[in-house]
Amino acid sequence: MVDATVDVIHRGGLECDQNYMIEGQTLGTHDEPNPDLDYEEIPVWNLVIDHPEATILWDTGSHHEALEGHWPEALSQAFYPYDAHEHRLDDDLEAAGYRLDDIDAVFQTHLHLDHAGGLEFFDGTDVPIYVHERELKFAYYSAKTDKGSGAYILEDFDHDLNWEVVHRDREEHFTDVEFVRFPGHTPGLTGTVVHLDDDGTLVFTGDQVYQAPNYEAEEPLGASLLWGKTEWFDSLQRIKELERRHDAEVVYGHDTEQFSEIEDGWGN
């Protein structure tokens, strides 16, 4: 267990059809072939893990110029980043009491557009950027071809970055902070397990789990955002085993209700 704090950094939000979050959230019937969709706001957030060995930025959020052309129109329409312009990474860190120069390491759960948009702030620096090998390869494959996932934007991550590539399914680069691969949403999606002195174990799932129904009812993510359904179910069981083993708190990627409960962070 480590004496560390975990701050939650609000990075704005997206508006999207909940069918992306939960497979089959809204379905037509014979008598109602065109039901109203659940079109809602979801939070985007990062963490700062203030650890004795390093100050770690966990994900980097959406790009602040998402609606000014950084995101293609089709992606802006699908996942509307309505307040991205108000959430530059450096400004949001400063509001939380951190400067960019305070960040010793960056950890990327994956490189989708709402998670890797702030990497440009580390272009040309020696700050290590932790990301799984499978994720890095899939992101470039997707961005450079018409295959893979359409949710990657090359300009988010194609910088002069000090990549620190994670190769195994579990690696510990900082005491009691474990990087654990949870494939499903993407092949290289990697969550984080933090063992805190006062608050116990936290399991940050990233986008392996978007919202409570994905976890509690085992309802999959929307099919277009699910790289592998079998892998997703396997990763879900791995997270539940971590929860049981450590009596852990499990934190989802984009759950509005849970976000309101975790905004104060841990260990503060």
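Predicted, not measured: the structure shown is a model, and the values here were computed from it. (Residues numbered from 1 in each chain as written. Predicted model: local features only at pLDDT ≥ 70, side-chain atom pairs only at ≥ 80, totals over all residues. Heavy atoms only, no water.)

With respect to the pairing of strand S10 (residues 200–204)
Stated precisely, the cut-off is as follows: For each residue, the accessible area found with a 1.4 Å probe, counting protein chains only, is set against the maximum for its type, and the residue is called buried under 20%, exposed over 50%, and partly exposed in between. Helical segments are the DSSP runs of H or I of at least four residues, strand segments are the runs of E of at least two, and each set is numbered from the N terminus. A pair of strands is labelled paired if DSSP reports no fewer than 2 bridges between them.
Summarising burial for S10: 4 of the 5 residues are buried, a large majority. Pairing of strand S9 (residues 190–196) with S10, which is carried by 5 bridges, proceeds in the antiparallel orientation. Bridging across to S10, histidine 195 finds its partner in threonine 201. Hairpin connection of S9 to S10: 3 residues between the antiparallel strands. Across 3 bridges, the pairing between S10 and strand S11 (residues 249–251) is parallel. Note that in S11 the partner of leucine 202 across the bridge is glutamate 249.

Considerations on the UniProt feature "domain: Metallo-beta-lactamase" (unreviewed entry) in the protein
Stated precisely, the cut-off is as follows: UniProt positions are given in the numbering used here, feature names are shortened, and annotations may be inferred rather than shown by experiment.
Sequence positions flagged by UniProt for "domain: Metallo-beta-lactamase" (unreviewed entry) are, in local numbering, residues 43–254. Strand forms 25% of residues 43–254 and helix 25%; the C-alpha atoms that close the span are 6 Å apart.

Observations regarding the sheet that holds S9
So the rule is basically this: Lines fitted to the C-alpha atoms define the axes, with helices restricted to the stretch that makes contact. Angles between their N-to-C directions range from 0 to 180 degrees. Residue contacts follow a heavy-atom distance rule, with two residues in contact if any of their heavy atoms lie within 4.5 Å.
Taken together, 5 strands build an open sheet; the order of strands is S7-S8-S9-S10-S11 and the sheet is mixed. The outermost strands of the open sheet, each flanked by one partner alone, are strand S7 (170–174) and S11. Along the sheet, successive strands turn relative to each other by an average axial angle of 20°, direction set aside. Against the sheet, helix H6 (residues 229–246) engages S7, strand S8 (177–181), S9, S10 and S11, with an angle of about 170° to S10.

Focus on the sheet that holds strand S5 (residues 128–132)
With mixed pairing, the 6 strands of this open sheet are ordered in space as S1-S2-S3-S4-S5-S6. The sheet is open, and its two edges are formed by strand S1 (5–17) and strand S6 (162–166), each paired on a single side. Here the average twist between neighbouring strands, direction ignored, is 25°. Here S5 pairs with S6 via 5 bridges, running parallel. Its bridge partner being in S6, tyrosine 130 is matched across the sheet by glutamate 164.

Quick look at the pairing of S7
Where S7 meets S8, 4 bridges bridge the pair, whose relative direction is antiparallel. Opposite phenylalanine 174, over in S8, you have valine 177 as the bridge partner.

Quick look at empty space enclosed by the protein
This is how it is decided: A pocket here means an open set of points on a 1 Å grid, computed over the protein atoms alone, that has protein on both sides within 12 Å along at least five of seven lines. A cavity is instead a set of points where a 1.4 Å probe fits but cannot get out; residues with an atom within 4 Å of a point line either one. Grid points are joined across faces, edges and corners, and a volume is the space filled by probe spheres set on the points. We call Asp, Glu, Lys and Arg charged. Ala, Val, Leu, Ile, Met, Phe, Trp, Tyr, Cys and Pro are nonpolar, and the rest, Gly among them, are polar.
Counted by the stated rule, this structure contains 2 cavities of 30 Å³ or more. When its volume is computed, the largest cavity comes out at roughly 110 Å³. Along the walls of the largest cavity sit 13 residues, with Phe79, Asp114, Asp207, Tyr210 and Leu225 positioned nearest its centre. Residue composition of the lining of the largest cavity, grouped by class: 8 nonpolar, 3 polar and 2 charged. For the second largest cavity, the calculated volume is near 50 Å³. Lining the second largest cavity are Val44, Trp45, Trp58, Asp59, Thr109, His115, Gly206, Asp207, Gly253 and His254. Of the residues that constitute the lining of the second largest cavity, the class distribution is 3 nonpolar, 5 polar and 2 charged.

Focus on the pattern of salt bridges
Here is the rule we go by: Salt bridges, as used here, are contacts in which a Lys or Arg side-chain nitrogen is within 4 Å of a carboxyl oxygen on Asp or Glu.
For the structure shown, the criterion picks out 12 salt bridges. Across the pair glutamate 133 and lysine 137 runs a salt bridge whose closest N-O atoms are separated by 2.9 Å. Of this pair, glutamate 133 and lysine 137 both sit in helix H3 (residues 133–144), 4 residues apart, roughly one helical turn. In this structure glutamate 133 comes out as partly exposed when scored by relative accessible area, which is 25%. Looking at lysine 137, the relative accessible area reads 52%, which means it is exposed. In this structure, arginine 170 and glutamate 172 form a salt bridge, with 3.3 Å as the shortest nitrogen-oxygen distance. A relative accessible area of 42% places arginine 170 in the partly exposed class. Here the salt bridges do not stand alone but share partners, grouping Arg88, Asp90 and Asp91 into one network.

A look at the nonpolar core
Spelled out, the test is: Only buried residues count toward a nonpolar core, which is a set of Ala, Val, Leu, Ile, Met, Phe, Trp, Tyr and Cys residues joined through side-chain atoms within 4.5 Å.
Membership of the largest hydrophobic core comes to 34 residues, with the highest contact counts inside it found for Trp71, Phe79, Phe182, Val203, Tyr215 and Ile239. Those elements giving two or more residues to this core turn out to be S1, strand S2 (39–51), helix H1 (73–78), helix H5 (212–216) and H6. Per-element accounting of this core gives the leading share, 4 residues, to H6. When residues no more than four places from it in sequence are discounted, the contact partners of tryptophan 71 are Leu14, Ser62, His63, Ala66, Ser76, Phe79, Pro81, Leu113, Asp114 and Ile153. In terms of nonpolar packing, the next biggest core, distinct from the first, is built from 25 residues, Trp58, Tyr130, Leu202 and Val251 among them.

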